[in-house]
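So you can see what is in the structure, the chains are spelled out below.
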Amino acid sequence: PSPIQAQAITPLLEGHDLLGQAATGTGKTAAFMLPMLQRLADRRAERPNSRGVFGLVLAPTRELAMQVNTAAARYGAGLNVRTLAVYGGAPIGPQLGALRKGIDIVVATPGRAIDLINRGGLKLDEIEVAVLDEADEMLDMGFVEDIETILDATPDTRQVVLFSATMPRRIEKLAQSYLHNPVTVRIAREVLAEGDAPQVR
């Protein structure tokens with residue numbers, strides 16, 4: 001596991017809320033998605049008739065939503081997990097149709113999530129895990145009210161996971177409002193020698 005995975009997976013499996021500071025490309029998608037899939041498998045074993053959306057991931061852009069959704073489908077292939085990416089700029093009809101058939105994990109941009117909630121397509125009453133991925137970017141894009149509306153519509157018992165590359169005051173405020181006694185994981189950025197470029201794999 002990468003450092004973020006090594007520190008985040010166990011507390012998430014135990015059901016703790018988590019506040020994670022980690023840059024893009026450090027393996028955080030697996031850090032939140034693998035525990036979410038494990039908990040989904042556990043719920044299916046305990047309550048096989050639960051049909052509602054289990055996990056919701058909010059992402060700032062359609063590109064990131066698609067990327068996280070692809071990872072969820074790949075990691076959850078052995079569980080026959082049903083995942084769906086929903087974002088603006090794509091027709092809403094097929095997204096509503098897929099939600100009606102039943103989806104386990106929805107990866108959404110905040111604006112489209114609100115739209116689907118308002119149309120009665122996205123129901124959050126059975127959500128057990130809510131993830132804010134790249135939260136600082138979502139706040140920079142003006143999504144704070146949408147995020148609050150979405151989280152307010154989820155059960156109080158749900159687990160909240162917040163990942164952000166930076167921790168400005170606004171993120172800390174959001175975390176204080178919605179996370180209960182979170183485990184905090186901070187992965188420092190790699191320090192590079194003067195003139196070196198970060199390696200990207």
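Just above, that's the structure.
Residues numbered from 1 in each chain as written. Predicted model: local features only at pLDDT ≥ 70, side-chain atom pairs only at ≥ 80, totals over all residues. Heavy atoms only, no water.

**Looking at the overall build of the chain**
Per the secondary structure count, the chain includes eight helices and seven strands. Projected onto its principal axes, the C-alpha coordinates of the chain cover approximately 55 × 35 × 30 Å. Looking at the 201 residues of the chain, the share that counts as buried comes to 51%. Looking at the chain alone, contacts between residues at least 24 apart form 72% of all its contacts between residues at least 6 apart. Working note: accessible area of the chain is about 10,200 Å², and carbon and sulfur atoms make up 50% of it. Of the side chains in the chain, 21 bear a positive and 24 a negative charge, and the two mean positions are spaced by 7 Å. (Helix = DSSP H or I, 4+ residues; strand = E, 2+ residues; numbered from the N terminus. Buried < 20%, exposed > 50% of the residue type's maximum accessible area, 1.4 Å probe, protein only. Contact = heavy atoms within 4.5 Å. Areas by Shrake-Rupley, 256 points an atom, 1.4 Å probe, with all protein chains shown as cover. Lys, Arg positive; Asp, Glu negative; His and termini not counted. Charge placed at Lys NZ, Arg CZ, Asp CG, Glu CD.)

**Describing the nonpolar core**
One finds Leu 56, Leu 58, Val 106, Leu 122, Leu 132, Ile 147 and Leu 162 to be the most contacted residues of the largest nonpolar core, which totals 36 residues. Look past the residues within four positions of Leu 56 in its chain and what remains in contact with it is Val 106, Ala 108, Leu 124, Ile 127, Val 129, Ala 130, Val 131 and Ile 150. Grouped together as the second largest cluster of nonpolar side chains are 30 residues, Ile 4, Leu 18, Met 36 and Tyr 87 included. (Core = buried A, V, L, I, M, F, W, Y, C linked by side-chain atoms within 4.5 Å.)

**Looking at the packing of helix H5 (residues 110-118) against helix H7 (residues 144-152)**
Put simply, H5 and H7 touch, their axes get as near as 9 Å, and they point 45° apart. Considering their axes alone, H5 and H7 lie oblique with respect to each other. Crossing handedness for the pair H5 and H7: left-handed. Between H5 and H7, the residues in contact are Pro 110, Gly 111, Ala 113, Ile 114 and Ile 117 and Asp 146, Ile 147, Thr 149 and Ile 150, respectively. Grouping the amino acids of the contact of H5 with H7 by side-chain chemistry returns six nonpolar, two polar and one charged. (Axes fitted to C-alpha atoms, helices over the stretch in contact; angles between N-to-C directions. Parallel < 35°, antiparallel > 145°, perpendicular 65-115°, else oblique. Left-handed = near helix turned anticlockwise from the far one by under 90°. Nonpolar A, V, L, I, M, F, W, Y, C, P; charged D, E, K, R; others polar.)

**Description of the sheet that holds strand E4 (residues 105-108)**
Spatially, seven strands are ordered E3-E4-E2-E5-E6-E1-E7 in an open sheet, and the strand pairing comes out parallel. Lying at the two open borders of the sheet, with one neighbouring strand each, are strand E3 (83-86) and strand E7 (183-186). Shown here is a sheet whose adjacent strand axes are inclined to one another by a mean of 10°, direction ignored. (Pairing = 2+ DSSP bridges.)

**Focus on the side chain of Asp 136**
Turning to its location among the elements, Asp 136 is positioned in helix H6 (residues 135-140). A polar contact of 3.4 Å, which involves the side chain of Asp 136, links it to the backbone nitrogen of Ala 165. Ignoring sequence-local partners within four residues, the contact set of Asp 136 consists of Ser 164, Ala 165, Thr 166 and Ile 171. (Polar contact = N/O pair within 3.5 Å; in protein donor to acceptor, adjacent residues only side chain to side chain.)

**Description of the environment of Gly 15**
Following the sequence through the fold, Gly 15 ends up in the loop between helix H1 (3-13) and strand E1 (18-21). Measuring from C-alpha to C-alpha, the distance between Gly 15 and Asn 80 comes to 23 Å, with 65 residues separating the pair along the chain. If we skip the residues at most four places from it in the chain, Gly 15 touches Arg 39 and Gln 159.

**A few points about the environment of Thr 184**
For Thr 184, the position within the fold is in strand E7. Taking relative accessible area as the criterion, Thr 184 reaches 44% and is therefore assigned partly exposed. The spatial distance from the C-alpha of Thr 184 to the C-alpha of Gln 7 is 9.3 Å, given a sequence separation of 177 residues.

**Things to note about the pattern of salt bridges**
Counting across every chain of the model gives ten salt bridges. Across the pair Glu 128 and Arg 43 runs a salt bridge whose closest N-O atoms are separated by 3.5 Å. With Glu 128 in the loop between H5 and strand E5 (129-132) and Arg 43 in helix H2 (residues 28-46), this pair connects stretches of sequence that are 85 residues apart. By relative accessible area, Glu 128 is classed as partly exposed at 21%. By relative accessible area, which is 4% here, Arg 43 ends up buried. Here Arg 169 and Glu 172 are joined by a salt bridge, their closest N and O atoms 3.7 Å apart. Taken together, the positions of Arg 169 and Glu 172, both in helix H8 (residues 169-178) and three residues apart, correspond to about one turn of that helix. A single salt-bridge network, built from bridges that share partners, covers Arg 43, Arg 47, Glu 126 and Glu 128. (Salt bridge = Lys/Arg side-chain N within 4 Å of Asp/Glu carboxyl O.)

**Things to note about the side chain of Gln 95**
Residue placement: Gln 95 occurs in helix H4 (residues 92-101). At 2.8 Å, the side chain of Gln 95 forms a polar contact with the side chain of Arg 112.

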